[in-house]
Amino acid sequence: MNSSVVVFPGSNCDRDVAVALKKMQFKNTMVWHKETKLPKSDLIVIPGGFSYGDYLRSGAIAGKSLIIEEVIKAANDGCLVLGICNGFQILTETGLLKGVLLRNKNLKFINRNVNVKVINNETKFTNKYKKNQILNINIAHNEGNYFTNTAHLKELNNENLIAFKYCDQDGNIKESFNPNGSLENIAGIFNMKKNILGMMPHPERMVDSLISNGDGVSLFSSLLK
Amino acid sequence: MKITNEVVENHGLKIDEYSNIKKLLNREPNLLELGIFSAMWNEHCSYKSSRKHLKNLFTKGTQVIQGPGENAGVIDIGDDDAIVFKIESHNHPSYIEPYQGAATGVGGILRDVFTMGARPIALLNSIHFGSPDHFRTKSLLNGVVSGIGGYGNCIGIPTVAGETKFNKTYNENILVNAMAVGHAKKNKIFYSKAKGLNKSVVYVGSKTGRDGIHGASMASAEFDENSEDKKPTVQVGDPFTEKLLMEACLELMKDESIISIQDMGAAGLTSSSVEMASKGELGIELNLEKIPCREENMTSYEIMLSESQERMLIILEDGKEDHARKIFKKWDLDFVVIGKTTNTNNLTLKYKKETQGEIPINALASEAPIYDRKWIKKKLPKKKIDLKELKKVKIEDALIKILSSANHSNKKWVTDQYDQMVMCDTVQKSGSNAAIIRIHGKDKAIAVSVDSSANYCKAHPITGGKQIVCENWRNLISVGAKPLAITNCLNFGNPENVEVMGEFAECLIGIRETCEFLNYPVVSGNVSFYNGTNKKNISPTPVIGGVGLIHKLEKPMNHKIKKDDSIIFLIGKTFGHLEQSAFFEEVYSILDGQPPEVNLANEKNNGENILELIKNDLVNSVHDVSSGGLIVALAEMCMGSGYGIKVNKPKKLTNLFKYFFGEDQSRYTIEVNKNNTEKVEQILKDSNIFYENIGTTQRDFFEIQDELKIDVKELYKINNQWYNNY
């Protein structure tokens, strides 16, 4: 399976994702933001980091970059797109995913492992997880507080477009286990066609038993199916 | 402008230093030249008070590739791998403007490391604040922590370890020390020494602005009530640009284009150009109208003294300009040839062909003043504290008091604000004895830790100096790493004060002796004097940053208990030294008496044997015994895991407070499987190491026979409440 990782100035999880993809047997290419053509890809990953220094608003400038046009085209043609952390923020800026990511409720950067629950496991990205499986997975962000309008929230719920929600270790979805103030504890969402996933947690940080648990493995192996 | 005595003093120069300048130039300097002298001759850049003592440090060893004197130290970790590291202070700016001060401290130290050709792989910090109830502490803590995080998180280097401490000695002068560690190929290290005539001198990175002018001079003076006015001397950081600069430099370093490279840190363009020329015994000519400026109408004086961040000076091989320019253009960075190397041995400053300043390089570097400042020895304090005269407390209450104190609380509130995982090689992060970082793509790793003990250093600087090196060494040993080398950040008060100078001289004696004994050389470092306000000096606070090597990373070692029903041994002898302990400080607010004695032979023997036990897979967990003594070490082993320990009463009749809270050195607690105890005891006996079987691990409860029994969850709660309540 061919993957492309888009690299913006300020991306800093690009190498981490590339290492994870390689480990999971993807044939990966790094794509510099000034390029105007994407290599043939089954999966495009927009990695985490601080693209363009998060100036203006996190993800805002990357959302208008040269390569992003190509990403939008490919996504509309059905290519799988995964946006992690800053990648999720960028996807909301392009409109490929609806809603916005506000500053964390406590106004601080948060890096720690949190529990998230797999809400929809019937997608290209999540089919190797069990429904309601609880993952312990690393988050690292300043702006992960997902917000959207009532109509879209309804759509997310009705169409089963919520991928992950923050929860406690037993899977209870409670406000006290919501690290960043996200609406309904949302940690990741799909677009209507479910070929695009945006998520704040970092699955690429959870594929190497020496540094973490393996809770990110199934996300990548789902894609290989 | 006429150079009056007032102008000289405003530049932080003494009148006799100014006479010396005139002698060296054979004339009066103009204002630009005076500014340059002031930038190069201040304490921060010239090390004029410290140099005499620094040269006695132990800096040699087969593991050392580059010792002190370069942008950072370099050590050999086998194969073709080298580790490049250094610690640096950013105390004064951080007190004036905590966010930017701390952020640019991180940025500066990262540049020191990638300038040498290394990709930074870890950040550490040692931050010291005033008393929690001092009115500025809370906002300084918030600002510094978000500044450190803001820079490191954005550039994408994990902040993996550090210390956060509170002590009223820092009420009006906090300490912010940042350490960076990088990985390079042994045969691809870059240095600052210029070589060759008529080589292009290139400016890359951010544009030059009016920020940070005279920052280094500001950092070379005490604070007074007008410190707020010094805000404009604080630089503003841009981690995004630094990320681009780092990637561009590392890309250019892949081939042979660079002759020498130096970051523009303290004293900006001045010190970087002088440093390169001085090391290469060459002259350097700069055309100041070519410098990319952020603001209009900047004067030569401002350009030369600006400390704008994220800038580098590079001397390129002939014909490599286009190749290099292309790389910097790709990363959207300025790239301008601003001058050349010359054979004049002068720093020549031109503006549109008009020479505005011309100073012999030697006058700025080797002829800079060196002071043999007077200092006095500190006697070992005599005063003994008699436990019997103090109000009685329960062991349990004393433990709770310590674990819930600002200095011994869990630092999650701090470390959660740092990205500790980015780069995906953080095997073990903050909260253990030392962090473990894997060398990317390999099965070896380094361990890193920063440590300080200001109270011990204040009480007796020689012992304190020894103790911190030992503690740092112990922390690396505890995670199974062979300690290789250190960097030190020497934070002291006003060196013109004989007691402060004595603290400095004697701490260094202690550090030197220990480094030599343990074969643990200093390869880089930084001195920060004038930490104090209105003649009140801070306690001497040398901070040691150590790097150790784990040859084969299979089972990372930490302090967390792994299972129930295993045996806990205490390694090393307990004498019950309570003076200068956390027990006296937290429970009775007494800070008096001598620090615990350091026995280097025991330290080495105990440490080497612990390392052996870890290598032979005979221990489940290891913790070093430090502040708070045995009881705190044991409690931490429990809280890290959720398992408990049942501790036996000490066999010999002894004072329980001394036994459990004493801070005797060279000690470790280890968890050993029952079927391994014989082997472990044999190894310890064979090496003449004193040890005690002190208890057994169990589920859920931390227990001392007949004294206390606490649910480990409760302990954890106690240990985690301070920051949330602050």
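Figured I'd write up the structure that's included with this text. Throughout, a residue's number is its position along its own chain's written sequence, starting from 1. Following the order in which they are written, the chains are lettered starting with A and the ligands numbered starting with 1. For a predicted model such as this one, the threshold for reporting local features is a pLDDT of at least 70, and the threshold for listing and counting side-chain atom pairs is 80 or more; totals across whole chains, interfaces and linings nevertheless cover every residue.

Side note on the nonpolar core
Point 1. In terms of nonpolar packing, the biggest core is built from 290 residues, with Val448 and Cys638 of chain B touching the most fellow members.
Point 2. It is the C-beta atoms, placed from the backbone, that decide contacts: two residues are in contact if theirs lie within 7 Å. With sequence-adjacent residues up to four places away left out, Cys638 of chain B is seen in contact with Ile561, Tyr643, Gly644, Ile645, Phe702, Val712 and Leu715 of chain B. Any set of buried Ala, Val, Leu, Ile, Met, Phe, Trp, Tyr and Cys residues joined through C-beta atoms within 7 Å is what this text calls a nonpolar core. Backbone-placed C-beta atoms define the burial measure: a residue is buried with 20 or more other C-beta atoms within 10 Å of its own, exposed with 12 or fewer, and partly exposed in between.

Description of the interface of chain A and chain B
Point 1. Taken together, the 21 residues of chain A in the interface contact 24 residues of chain B.
Point 2. Runs of E in the DSSP output that reach at least two residues are strands. Runs of H or I that reach at least four are helices, and both are numbered from the N terminus. Of all the elements in the fold, those that place two or more residues in the side of chain A that touches chain B are α1 (14–23), β6 (110–118) and β7 (134–141) of chain A.
Point 3. Considering every element that reaches the side of chain A that touches chain B, the biggest residue donor is β6 of chain A, with three residues.
Point 4. Partitioning the side of chain A that touches chain B into residue classes produces nine nonpolar, six polar and six charged. Basically, the charged four are Asp, Glu, Lys and Arg, the nonpolar ten are Ala, Val, Leu, Ile, Met, Phe, Trp, Tyr, Cys and Pro, and anything else, Gly included, counts as polar.

Here's the deal with the sheet that holds β6 of chain A
Residues and elements named next belong to chain A.
Point 1. Here a strand pair is declared whenever DSSP counts at least two bridges between the two strands. If you walk across this open sheet you meet the nine strands as β2-β1-β3-β4-β11-β10-β9-β6-β7, and the pairing is mixed. Each having just a single partner strand, β2 (27–32) and β7 make up the two edges of the open sheet. For this sheet, the mean inter-axis angle between neighbouring strands, taken without regard to orientation, is 25°.
Point 2. Inspection of the sheet shows β6 paired to strand β9 (residues 162–167) by four bridges, in the antiparallel sense. Considered in β9, the bridge of Asn115 is made with Cys167. Between N-to-C directions, angles cover 0 to 180 degrees, with each direction set by a line fitted to C-alpha atoms, over the stretch in contact for helices.

Section: the sheet that holds strand β8 (residues 258–263) of chain B
Residue and element names in this part refer to chain B.
Point 1. With respect to topology, seven strands assemble into an open sheet ordered β8-β10-β7-β11-β9-β12-β13, the strand pairing being mixed. Each edge of the open sheet is held by one strand with a lone partner, namely β8 and β13 (354–360). Across the sheet, the mean angle from the axis of one strand to that of its neighbour is 25°, orientation sign disregarded.
Point 2. Bridge count between strand β9 (residues 283–287) and strand β12 (residues 346–351): four bridges; the pairing is parallel. Paired with Ile284 across the two strands is Leu347, which belongs to β12.

Focus on unusual backbone geometry
Residue and element names in this part refer to chain B.
Point 1. A positive phi is found at Asn297, a non-glycine position, where the angle reads about 55°.
Point 2. Position of Asn297 relative to the elements: it lies in the loop between β9 and α12 (300–305).
Point 3. Residue Asn297 is classed as exposed on the basis of its C-beta count, with 6 C-beta atoms lying within 10 Å.
Point 4. Within the chain, Met423 stands out as a residue other than glycine whose phi angle is a positive 85°.
Point 5. Among the secondary structure elements, Met423 is positioned in the loop between α16 (412–415) and β14 (426–428).

Remarks on the pairing of strand β21 (residues 541–550) of chain B
Residues and elements named next belong to chain B.
Point 1. Counted residue by residue, β21 has ten buried out of ten residues, so it is predominantly covered.
Point 2. Burial along β21 is two-sided: Thr541, Val543, Gly545, Val547 and Leu549 and Pro542, Ile544, Gly546, Gly548 and Ile550, pointing in opposite directions, are all buried.
Point 3. The pairing of strand β16 (residues 445–451) with β21 spans seven bridges and is classified as antiparallel. Its bridge partner being in β21, Val448 is matched across the sheet by Val547.
Point 4. Sheet topology note: the strand β17 (residues 482–491)/β21 ladder contains nine bridges and is antiparallel. Each bridged residue has a counterpart across the sheet, and for Pro483 the counterpart in β21 is Gly548.

Some points on the environment of Gly280 of chain B
Residues and elements named next belong to chain B.
Point 1. Here Gly280 is to be found in helix α11 (residues 268–280).
Point 2. For Gly280, a count of 21 C-beta atoms within 10 Å corresponds to the buried category.
Point 3. Sequence separation between Gly280 and Ala194 is 86 residues, and the spatial gap between their C-alpha atoms is 4.5 Å.
Point 4. Not counting residues within four places of it along the chain, the set of residues in contact with Gly280 comprises Lys193, Ala194 and Lys195.

Treat this as a map of the structure, not an account of what it does.
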